[in-house]
Amino acid sequence: MPSTPPAAVSVLAFITSALSALASNPSAISVPDGFTVTPAAAHPLVGHPMMGCFDERGRLYLAESAGFNMDEKQLDAARPNFIRMLEDTDGDGVFDKSTIFADKLAIPNGALWLDGALYVAEPPGIWRFTDTDDDGIADVREHIAGNVRSNGMSSTLHGPTLHPSGRLFWCGGQQGYHLDKSQEPPEGRIAPGVFTLKADGSAHEIFAVGGMANPVEVTFGENGDVFGTLAILDRPEGARHDALLHWVYGGRFRPREGSPVPLKPTGPSLPPLSHVGQVAPAGLTLYRGTLFGDEYRKNIFWSQFNTRTVVRTTISSNGATYSSKDAPFLVSTDIDFHPTDVVEDADGSLLVIDTGGWFRHGCPTSHIAKKDAKGAIYRIRRTGAPTPEDPRGLEIDWNNLDPAGLAEFLEDARPAVEDRAIATLATRGSEALPVLRKFLDKGFITTRRNAVWTLVRMDTAASLDLVTPALNDPDPTVRKAAAFSLGMARHHPAATPLANALAREDNPAALRELATALGRIRDPLAVPALAGALAHSADAFSNHSLIYALIEVGAPAPLHPLLDHPSPGVRRGALLALSQIEGATLTSTQIAPLLRAP
C-alpha cells in the first residue's frame, strides 16, 4: 500500500482539526432573534452523544456512540457504546466533568432517571442501571422488560420516557418483539409500536402501532396526551414521508402493509399531526418552562437529523386531537451537524444534542461515516430572560416536608419542582390522601390535575377511588387525566362513573379518554354509553377510541341490535366492532341491509 505524501498528511490533519473545532463552534447555527445559542459540552468532554436526560441533581446522562457503524453481530461482540454522565460543577451552564456511567453496550437509545436509577432502551429490551455507592458508575444492571430483535441500527428501540401517571413509554420493535423478556421475539418484520409498562417491568403492553420503520421518542402533554416522532410513516409511490404523531391508545397509524399488526383495526388509519418529507426525525420535548415566554409553552420541539434542524411545532386543540403549525427554530449549515435529541433543562433553557458525522448505518442521506466529526451539546436561552431561583428545588427540604407542605409545590412554576413534588408526595401513601382530597376539591386547575397524577402513582384502591370524583371536574384536562389514570390502572369500581361521565361529556378529547378507560376496564355494562356516544361523534380520533373500546369490552350480544340503530355512526361502529371481536358472529342476513344504507 503506498504511503500518504507529507502534504496530504498535513491536509488531513487540518481537516480533522477543523471538523473537531466546528463541532464546538456555534457560528454555523442560527436561532430566532431574541435567542442565543452557546456550547454546553464539546469534544473531548463528549464524542458522539445521541439522547439524554437529567437527574434531580442536574447531572446529564447521555446515550453515546463510540462512532462505529456495525451490524447486530458486530455490535454484540464488540459492545463499544456507553452511557456518559456530565456535570456542571460550577453552575455556569457549561458542563465540565465527564464520567462513563455504564460501558460495554451495544446501542443504547434513550435514558430516563427515575427513583435513583437510570432506565435505558438497549437491545434486547429495557434496562435499569443503579449506582449503589454514588461513585458515578453503575454497578447493578437489570434487564426488566422486553425482548426485541435487533437489526444493529437505531430503529431497534428507543426510550424510555416518563408519563405524568408514572408509567414508562418506549418505542420501536420493527424487527420483531415480545413484551415478556423471557420469550423470544418472532422472526421477520412486525408493525413497530409504542409500548408502556410500570417501572418494575410489569404491566407491559402495546399502546399504539404505526409506520414502516421507526417510532423514535415520545413526549407528553400536561393532560397525559402522547406525542412522538416517526421515521418512515409511509412510502406512497416510493416517496418516503416521516411524521410527528399524536399517539392514542389502540391507534393504528399506517402500519406496514404485509406485516403483522398486533392491534385490531377500527377503520382507516389515523392521520399524523405533521406530515413531512425524509427528514429522519429523532428526539423531542414538549416545552414546559417560562424562560422562552408564554407563546412557547406547550410547543413541541423536535430534532430532524437529515435537515440539520430543530423544528418548533405549535399545537392547538382540534376535536379529539390537535392541529399543528411547524416552523424551523434552530438550523445549522454544517453538513456534519445532526441533531438527535432536544432536552429541556430545569431553568427553561433547551439543550440540543448533536451526534456529529459518524452515523451512516441505515441512514439514506448519510453515505460517509466521519468518525472525526465530533458531536456536541448546545444550549438555547432567551436573551435577557430571568433565570428562576433554585430551578431544581435543591434548597427544599423534601424529606422533612409533611404532605400539606409537599402539596403546595403541585403548582410550582418550576417544572422540575412540580415533578419532584408529585413523585415525593406519591411515596407518602395513605397519610397524603386527606391533603390530596382537599386539593382535588379546591385547588387550582394545575393542582387538581397534578393531584390526580400523584394518586395514580400510588396505585392503591383507596387512591384510585379518590381519583374517580375528578371525572366530574369542571376542567376537561383534569377529567382527561382522571380517565387516563383509571383506565391505565383498570380500576373496575370506576366503570359506572366512567360510563355516566361519558354520557354527559361534551369535550371530544375528554370523551376519547373516557372511552379508552371503559375499553380497558372491559365491563359489558359500558356498551350502551359507548354506542350512545357514537351517535353524535364525528371525529376520527374519538370514533376510533369508542370502537376500540367496544372491541376491548368484547361483548357481541348487545352489539347485534345496534345494527338496526337509526344513527349511521352507531351502525358502523357496531359492525366494525363485531367484525373484530373474537368469537362474534355476523350473518349475511345482518350485513346485506347495510349495503343499501344511504
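Data block above holds the structure.
The present account deals with the structure reproduced in this document. (Residues numbered from 1 in each chain as written. Predicted model: local features only at pLDDT ≥ 70, side-chain atom pairs only at ≥ 80, totals over all residues. Heavy atoms only, no water.)

Quick look at the state of the cysteines
Here is step 1 of the chain: What the rule picks out here adds up to 0 disulfides.
Here is step 2 of the chain: Left unpaired, Cys-53 is separated from the closest cysteine sulfur, that of Cys-171, by 15 Å.
Here is step 3 of the chain: The exposure class of Cys-53 is buried, given its relative accessible area of 8%. (Disulfide = S-S within 2.5 Å. Buried < 20%, exposed > 50% of the residue type's maximum accessible area, 1.4 Å probe, protein only.)

Concerning the sheet that holds strand E26 (residues 339–344)
Here is step 1 of the chain: Pairing within the open sheet is antiparallel, and its 4 strands lie in the order E2-E28-E27-E26. Two strands lie at the open edges of the sheet, namely strand E2 (35–42) and E26, each paired on one side alone. Put simply, the sheet's adjacent strands are angled 25 degrees from each other on average, direction ignored.
Here is step 2 of the chain: When E2 meets strand E28 (residues 376–382), the two strands line up antiparallel, connected through 7 bridges. (Pairing = 2+ DSSP bridges. Helix = DSSP H or I, 4+ residues; strand = E, 2+ residues; numbered from the N terminus. Axes fitted to C-alpha atoms, helices over the stretch in contact; angles between N-to-C directions.)

Looking at helix H6 (residues 445–458)
Given 3.6 residues per helical turn, the α-helix brings residues three or four places apart onto the same face.
Here is step 1 of the chain: An ideal rise of 1.5 Å per residue puts 20 Å on 14 residues; H6 measures up with 20 Å between its terminal C-alpha atoms.
Here is step 2 of the chain: Most of H6 sits inside the fold, with 11 of its 14 residues counted as buried.
Here is step 3 of the chain: Of all the positions in H6, only Thr-447, Arg-448, Arg-449, Asn-450, Ala-451, Val-452, Trp-453, Thr-454, Leu-455, Val-456 and Met-458 are classed as buried.
Here is step 4 of the chain: Those residues of H6 hidden inside the fold are in contact with helix H4 (415–426), helix H5 (433–442), helix H7 (461–467) and helix H8 (476–488).
Here is step 5 of the chain: Remark: Asp-459 follows H6 within two positions and exhibits a positive phi of approximately 60 degrees. (Expected span 1.5 Å × (residues − 1). Contact = heavy atoms within 4.5 Å.)

A word on the environment of Ala-320
Here is step 1 of the chain: Looking at the element boundaries, Ala-320 is found in the loop between strand E24 (309–318) and strand E25 (321–332).
Here is step 2 of the chain: Judged by its relative accessible area of 1%, Ala-320 falls in the buried class.
Here is step 3 of the chain: Spatially, the C-alpha atoms of Ala-320 and Leu-511 are 7.8 Å apart, while their sequence positions differ by 191 residues.
Here is step 4 of the chain: Apart from the residues lying within four places of it in its own chain, the contact partners of Ala-320 are His-246, Pro-508, Ala-509, Arg-512, Asp-539, Phe-541 and Ser-542.

Notes on helix H12 (residues 540–553)
Here is step 1 of the chain: Between its first and last C-alpha atoms H12 spans 20 Å; for 14 residues at 1.5 Å apiece the expected length is 20 Å, and the two agree.
Here is step 2 of the chain: Burial within H12 is extensive, with 13 of its 14 residues counted as buried.
Here is step 3 of the chain: You can read the cap of H12 off the contacts: a side-chain oxygen lies 2.8 Å from the backbone nitrogen of Phe-541, and it is on Asp-539.
Here is step 4 of the chain: Trailing H12 by a residue or two, Gly-554 shows a phi angle of about 70 degrees, which is positive. (Polar contact = N/O pair within 3.5 Å; in protein donor to acceptor, adjacent residues only side chain to side chain.)

Some points on the packing of aromatic side chains
The geometry of an aromatic ring pair is captured by two quantities: the separation of the ring centres and the angle between the planes.
Here is step 1 of the chain: Evaluated as defined, the whole model comprises 25 aromatic pairs.
Here is step 2 of the chain: Ring centres of Phe-337 and Tyr-378 lie 6.0 Å apart, and the angle between their planes is 45 degrees; on these two criteria the pair is classed as tilted. Of the two residues, Phe-337 sits in the loop between E25 and E26 while Tyr-378 sits in strand E28, which places them 41 residues apart along the sequence.
Here is step 3 of the chain: Among the aromatic residues, ring-to-ring pairing joins Phe-35, Tyr-287, Phe-292, Tyr-296, Phe-301 and Phe-329 into one connected group. (Phe/Tyr/Trp six-rings, centres within 6.5 Å; stacked < 30°, edge-to-face > 60°.)

Structural notes on the side chain of Arg-479
Here is step 1 of the chain: On the secondary structure map, Arg-479 appears in helix H8.
Here is step 2 of the chain: Sequence-distant contacts of Arg-479, that is, excluding residues within four places in its chain, are made with Ala-470, Leu-471, Asp-473, Pro-474, Glu-505, Asp-506 and Asn-507.

Overview of unusual backbone geometry
Here is step 1 of the chain: Here Pro-123 and Pro-124 are connected by a cis peptide whose omega angle stands at 15 degrees.
Here is step 2 of the chain: Of note, Pro-124 is situated in the loop between strand E8 (117–122) and strand E9 (125–130).
Here is step 3 of the chain: Cis rather than trans, the peptide bond between Gly-159 and Pro-160 has omega equal to -5 degrees.
Here is step 4 of the chain: Mapped onto the fold, Pro-160 is located in strand E12 (residues 157–162).
Here is step 5 of the chain: Non-glycine residue Asp-134 carries a positive phi angle of around 55 degrees.

Digging into the pattern of salt bridges
Here is step 1 of the chain: Evaluation of the coordinates by the stated rule reveals 32 salt bridges.
Here is step 2 of the chain: Taking the shortest distance from any N to any O, the salt bridge between Asp-345 and Arg-379 comes out at 2.8 Å. Here Asp-345 is found in the loop between E26 and strand E27 (350–354), whereas its partner Arg-379 is found in strand E28, with 34 residues between them in sequence.
Here is step 3 of the chain: For Asp-345, a relative accessible area of 9% gives the class buried.
Here is step 4 of the chain: As a salt-bridge pair, Arg-414 and Asp-412 come within 2.8 Å of each other at their nearest N and O atoms.
Here is step 5 of the chain: The buried category is assigned to Asp-412, whose relative accessible area is 16%.
Here is step 6 of the chain: Within this structure, Asp-55, Arg-57, Arg-59 and Asp-134 form a network of salt bridges that share partners. (Salt bridge = Lys/Arg side-chain N within 4 Å of Asp/Glu carboxyl O.)

Focus: the sheet that holds strand E6 (residues 97–105)
Here is step 1 of the chain: Read from one edge of the open sheet, 4 strands run E3-E4-E5-E6, paired in antiparallel fashion. Of all strands in the sheet, those bounded by a partner on one side alone are strand E3 (48–54) and E6. The average undirected angle you get between the axes of adjacent strands in this sheet is 25 degrees.
Here is step 2 of the chain: Bridge analysis of strand E5 (residues 81–87) against E6 gives 6 bridges, and the strand direction is antiparallel. Across the sheet, the residue bridging to Arg-84 is Ile-100, located in E6.

Things to note about the nonpolar core
Here is step 1 of the chain: Ranked by size, the top nonpolar core spans 112 residues in total, and within it Phe-207, Trp-247, Leu-498, Leu-502 and Leu-530 carry the most contacts.
Here is step 2 of the chain: Apart from residues lying up to four places away in sequence, Leu-530 is in contact with Leu-502, Ala-515, Leu-518, Leu-546, Ala-549, Leu-550 and Val-553. (Core = buried A, V, L, I, M, F, W, Y, C linked by side-chain atoms within 4.5 Å.)

Here we look at the packing of H6 against H8
Here is step 1 of the chain: Relative to each other, H6 and H8 sit at 5 degrees, their axes nearing to 9 Å. In terms of orientation, H6 lies roughly parallel with respect to H8. Where H6 approaches H8, its residues Ile-445, Arg-448, Arg-449, Val-452, Trp-453 and Val-456 are matched on the opposing element by Thr-477, Val-478, Ala-481, Ala-482, Phe-484 and Ser-485.
Here is step 2 of the chain: Each residue belonging to the contact of H6 with H8 can be placed in one class, and the counts come to 8 nonpolar, 2 polar and 2 charged. (Parallel < 35°, antiparallel > 145°, perpendicular 65-115°, else oblique. Nonpolar A, V, L, I, M, F, W, Y, C, P; charged D, E, K, R; others polar.)

Points about the packing of H4 against H6
The packing of two helices is summarised by the inter-axis angle and the distance between the axes.
Here is step 1 of the chain: Interaxial distance between H4 and H6 falls to 8 Å at its minimum, and their mutual angle equals 40 degrees. In terms of orientation, H4 and H6 fall into the oblique class. Pair H4 / H6 crosses with right-handed handedness. Contacts from Glu-418, Ile-422, Ala-423, Leu-425 and Ala-426 of H4 reach H6 at Thr-446, Asn-450, Trp-453, Thr-454, Arg-457 and Met-458.
Here is step 2 of the chain: Residue composition of the contact of H4 with H6, by class: 6 nonpolar, 3 polar and 2 charged. (Left-handed = near helix turned anticlockwise from the far one by under 90°.)

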